[in-house]
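# Fold and geometry: a report
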Amino acid sequence: MIGYYVHHQGLGHLHRALCIAAEAQEEVTVLSSLPRPRTWPGPWVALPPDTAGSPVDPTARGRLHWVPVHHPGHRERMAVIADWIRRARPALFVSDVSVEAAALARLMGVPVVVAAMRGDRRDEAHRLAYDLADALLAPWPARLPEPGWPAHWYAKTLCTGSISRYDGRPRPASAPRGPGTRRNVVVMLGAGGAELTARQMREAAEAAPDWSWTVLGGPGAAWVEDPWPVLCGADLVVTHAGQNAVAECAAARVPTLVIPQDRPHGEQQATARALEAAGLATVRTAWPAPQAWPALLAEAAARPDRWALWSPGDGARTAGRLLTGLARRTRQEVACAPR
């Protein structure tokens, strides 16, 4: 049995977990406060929310990320995880991503895999989680490592390339375009929050009327559960630098303009830097002014396709093999001296 903790911010953590779990050769139990997907066939442990309006010492003086004092939701959340570990006795626990869940599992004697994140992870809490992990799972290519890590992190990191629910999915047949047909630009915003305003979106579309604009998610736009056909029909996608959004654009092999959003530890800025350095996407650090859009769309759409470097298509299978191997690893009796 493998336990798999899935963070509730956005849907990228969930999509990645479901892809990896489908490739693991051991039963996987997901633990999350997200709603259970209708298509998930395995066990699911519903975790209570641990949000707090006025948390008291939530970082334990900078040593952890979220441990608010005397918070009943947090206490119950940790108790549910601990009780499941006690009853299920998992061979392995995956955290994607919570320092506290990873530390709890390891304190209970369960080997841990931590999903690595780009950005500055040298704070005390991340160092704890990355240090105690048996392996780090990095959904980016080994040729584009995150700079500045200590050697012992690199030594236990498996770089899988991006992991997308669309890896290996056939592209839908595209309809023929007549003369004078406008090119399609798709603005894809995630479920984890967007900084873009409806006014900025409207001004960009008005500045580039030669393009047909489609907005997925974000202010004033409907959420699309399966954007694959829309992505495949796009001449250009404009999106943020979240790992899941980039993975889906890469799977679709579509030219992409990436505009990173502010996230803790500079995660999206770090991803955008890696993409730009490898020439995989056009990057802008902020939403462009209206007059910049016509030239920018033309530039970004003309970028050659090099997405295979980021998205080899077998990332979930590679991760599944890692989890299976660690879960089946022969347990060795280790004599421990009293402390």
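In what follows, the structure referred to is the one given above.
An account of the accompanying structure is given in this report.

How each quantity is defined
Residues numbered from 1 in each chain as written. Predicted model: local features only at pLDDT ≥ 70, side-chain atom pairs only at ≥ 80, totals over all residues. Heavy atoms only, no water. Axes fitted to C-alpha atoms, helices over the stretch in contact; angles between N-to-C directions. Helix = DSSP H or I, 4+ residues; strand = E, 2+ residues; numbered from the N terminus. Left-handed = near helix turned anticlockwise from the far one by under 90°. Contact = heavy atoms within 4.5 Å. Nonpolar A, V, L, I, M, F, W, Y, C, P; charged D, E, K, R; others polar. Core = buried A, V, L, I, M, F, W, Y, C linked by side-chain atoms within 4.5 Å. Buried < 20%, exposed > 50% of the residue type's maximum accessible area, 1.4 Å probe, protein only. Pairing = 2+ DSSP bridges. Polar contact = N/O pair within 3.5 Å; in protein donor to acceptor, adjacent residues only side chain to side chain.

## Side note on the packing of helix α1 (residues 12-23) against helix α11 (residues 315-328)
Running from N to C, α1 and α11 point in directions that differ by 60°, and their axes come no closer than 7 Å. Where α1 crosses over α11, the two elements pack in a sense that is right-handed. Contacts from Cys19, Ile20 and Glu23 in α1 reach Ala316, Arg317, Ala319, Gly320 and Leu323 in α11. Classifying every residue of the contact of α1 with α11 by side-chain character gives five nonpolar, one polar and two charged.

## Here we look at the nonpolar core
Judged by nonpolar contacts, the single largest core of 47 residues is most densely connected at Ile81, Phe93, Tyr130, Leu275, Leu280, Trp307 and Trp310. Counting residues per element, this core draws most heavily on helix α3 (residues 99-107), which supplies six residues. Filtering out sequence-adjacent residues up to four positions away, Phe93 remains in contact with Gly3, Tyr5, Leu31, Ile81, Trp84, Ile85, Ala101, Ala105, Val110, Pro111, Val112 and Val113. Tyr4, Val6, Val28 and Leu326 belong to the second-largest nonpolar core, a separate cluster that totals 27 residues.

## Digging into helix α4 (residues 124-132)
Those residues of α4 that fall on the buried side of the exposure criterion are Ala125, His126, Ala129, Tyr130 and Leu132. Next to the buried residues of α4 lie α3, β5 (112-115), β6 (135-138) and α5 (151-155).

## Some thoughts on the sheet that holds strand β10 (residues 236-239)
Working definition: the strands of a sheet are paired by backbone hydrogen bonds and lie parallel or antiparallel to each other. Taken together, five strands build an open sheet; the order of strands is β9-β8-β10-β11-β12 and the sheet is parallel. Edge strands, defined here as strands with exactly one partner in the open sheet, are β9 (211-216) and β12 (282-283). With six bridges connecting them, strand β8 (residues 183-188) and β9 associate as parallel partners. Its bridge partner being in β9, Asn184 is matched across the sheet by Ser212.

## Observations concerning the side chain of His74
When you line up the elements, His74 lands in helix α2 (residues 72-88). Owing to a relative accessible area of 10%, His74 belongs among the buried residues under this scheme. Setting aside residues no more than four positions away along its own chain, His74 makes contact with Asp50, Trp66, Val67 and Pro68.

## A short note on the side chain of Ser98
With respect to the secondary-structure elements, Ser98 resides in the loop between β4 (92-96) and α3. We classify Ser98 as buried; its relative accessible area is 12%. For Ser98, the side chain forms a polar contact with the main-chain nitrogen of Glu100, separated by 3.3 Å.

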